[in-house]
Amino acid sequence: PLTLTWDGKEYIDGIDMTPEEFFKKLTSVDTIPTTSQVTPVQYEKYYKELTENGDELVVIPLSSGLSGTCQSANIAAADYEGKVYVVDSLTATVGQKLLVEQAVSYVKQGLSAKEIADKLTKDRGHIKLYARLHTLENLKKGGRISAAVAFAGGLLSIKPVIEVKDGLIDLIAKARGSKNANATLGKFISEAGGVDFDRPYSLVYSGVTDAILSEFVKSTPALWGGREGKMPQMSIGAVIGTHIGPDACGIAFFEKGDY
């Protein structure tokens, strides 16, 4: 897990602070934390411990386009050739979850660590991750956009719609109001061919509750084939939540097709 520094105190994401605790604090203070990547030394500690009994490792870090954590994983792996295989996820949060679940299925099939890493390197290019944000405020606080742009967006109730593509976050639409944001997000999912329910997929949300996500699912029934209320979902943690803020929602899924 990555580390957050907030008001002079350090927290390990998901261990010292749960997502619910994080978003409660985020919405009650004016500051946002800074985040620190995992270091090569931290990775090396786990590599040593986990390969001592002869096991081989497949490591699936946060996209190299979003964090130096992947580079740290590779630096540490240099001394473990043939034992540790690093696969740059080229995605984040729920997208990583899908790649891990795919890796677990390959383990159950009896594939070697190298075979799994090779397959994941191909699979990662077929993951779609779309989300709609609730506010521009956190992007402003983090210095990603100007205060004037955030202010104007707030007045117009702009809801950014984003895609994680080729390892980077891409702003693909600006919808006005929640209803339009839900429709726009649904449109991009549909245009991507829809969700392959036979492969790993997951809904995702940020905040104290999943109310925004539930609203999105209810407003787009054609996407789900009657699976409403039965689909996997997860909460975004503190590191990604720092930048996107509360009340975002989205989905990650594999493209349909043979590959």
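Residues numbered from 1 in each chain as written. Predicted model: local features only at pLDDT ≥ 70, side-chain atom pairs only at ≥ 80, totals over all residues. Heavy atoms only, no water.

This brings us to the confidence of the model for the protein chain. Parts of the prediction with low pLDDT should not have their coordinates interpreted in detail. Looking at the protein chain, pLDDT values average 91 and 92% of them are 70 or higher. Predicted confidence for residues 148–153 stays below pLDDT 50, and this span has 6 contacts to residues more than four positions away or in other chains. (pLDDT = per-residue confidence, 0-100. Contact = heavy atoms within 4.5 Å.)

Let us now look at helix α9 (residues 211–219). Those residues of α9 lying buried are I212, L213, F216 and V217. The arc enclosing the buried residues of α9, seen along the axis, measures out at 135°, which places them on a common side. The inward-facing, buried residues of α9 contact β6 (127–132), α8 (178–191), β9 (201–205), β10 (233–235) and β11 (249–254). (Buried < 20%, exposed > 50% of the residue type's maximum accessible area, 1.4 Å probe, protein only. Helix = DSSP H or I, 4+ residues; strand = E, 2+ residues; numbered from the N terminus. Arc of directions from axis to C-beta.)

Our next topic: the packing of helix α4 (residues 94–108) against helix α5 (residues 113–123). Interhelical geometry of α4 versus α5 gives an angle of 145° and a closest axis separation of 10 Å. Taken as a pair, α4 and α5 cross one another with a handedness that is right-handed. Each of L99, Q102, A103, Y106 and V107 in α4 lies in contact with α5, whose residues at this interface are I116, K119, L120 and D123. For the contact of α4 with α5, the class distribution of residues is 6 nonpolar, 1 polar and 2 charged. (Axes fitted to C-alpha atoms, helices over the stretch in contact; angles between N-to-C directions. Left-handed = near helix turned anticlockwise from the far one by under 90°. Nonpolar A, V, L, I, M, F, W, Y, C, P; charged D, E, K, R; others polar.)

Attention now moves to the pairing of β11. Across the 6 residues that make up β11, a large majority, 6, are buried. Residues of β11 alternate between two faces, with C249, I251 and F253 on one and G250, A252 and F254 on the opposite face, all of them buried. As paired strands, β6 and β11 are joined by 6 bridges and run antiparallel to one another. Bridging across to β11, Y130 finds its partner in I251. (Pairing = 2+ DSSP bridges.)

So, on to the pairing of strand β2 (residues 9–12). Where strand β1 (residues 3–6) lies against β2, 4 bridges are found, and the strand directions are antiparallel. Its bridge partner being in β2, W6 is matched across the sheet by K9. The antiparallel pairing of β1 with β2 creates a hairpin that spans 2 residues between the two strands, and D7 there sits at a positive phi of about 50°.

One non-glycine residue, D166, lies in positive phi territory at about 55°. By relative accessible area, which is 66% here, D166 ends up exposed. Located in the positive-phi region is D247, a residue other than glycine, with phi close to 60°. Judged by its relative accessible area of 25%, D247 falls in the partly exposed class.

One way to put it is that helix α2 (residues 40–51) packs onto helix α3 (residues 69–77) with a least axis distance of 8 Å and a crossing angle of 50°. In terms of their interaxial angle, α2 and α3 are classed as oblique. The crossing of α2 and α3 is right-handed. Here P40, Y43, E44 and Y47 of α2 lie close against α3, whose contacting residues are T69, S72, A73, I75, A76 and A77. Partitioning the contact of α2 with α3 into residue classes produces 7 nonpolar, 2 polar and 1 charged. (Parallel < 35°, antiparallel > 145°, perpendicular 65-115°, else oblique.)

Moving on: the packing of aromatic side chains. Evaluated as defined, the whole model comprises 8 aromatic pairs. Considering the side-chain rings of F197 and Y201, the 5.1 Å spacing of their centres and the 85° angle between planes classify their relative orientation as edge-to-face. Counting every residue linked through ring pairs, the aromatic cluster contains W6, F22 and F23. If you follow K25 out to its NZ or CZ, it ends over the ring of W6, 4.4 Å from the centre. (Phe/Tyr/Trp six-rings, centres within 6.5 Å; stacked < 30°, edge-to-face > 60°. Lys NZ or Arg CZ within 6 Å of the ring centre and 35° of its normal.)

Our focus in this paragraph is the sheet that holds β2. In any sheet, the strands associate via hydrogen bonds between backbone groups, in a parallel or an antiparallel arrangement. Spatially, 3 strands are ordered β2-β1-β3 in an open sheet, and the strand pairing comes out antiparallel. Edge positions in the sheet fall to β2 and β3 (34–36), since each of these pairs with one other strand and no more. Averaged over all neighbouring strand pairs, the angle between strand axes comes to 30°, with direction disregarded. Here β1 runs beside β3; their pairing, made up of 3 bridges, is antiparallel. Bridging from a neighbouring strand, L4 pairs with T35 of β3.

Our focus in this paragraph is the nonpolar core. Core analysis: the largest hydrophobic core is formed by 25 residues, its most contacted members being V94, L98 and L120. Taken together, the elements giving at least two residues each to this core come down to α4, α5, β6, β7 (158–165) and β11. Counting residues per element, this core draws most heavily on α4, at 5 residues. Ignoring any residue separated from it by four or fewer positions in sequence, one finds L98 in contact with I127, P200, Y201, S202, A252, F253 and F254. Counting 23 residues, the second largest nonpolar core, distinct from the first, contains Y11, M17, F23 and A73. (Core = buried A, V, L, I, M, F, W, Y, C linked by side-chain atoms within 4.5 Å.)

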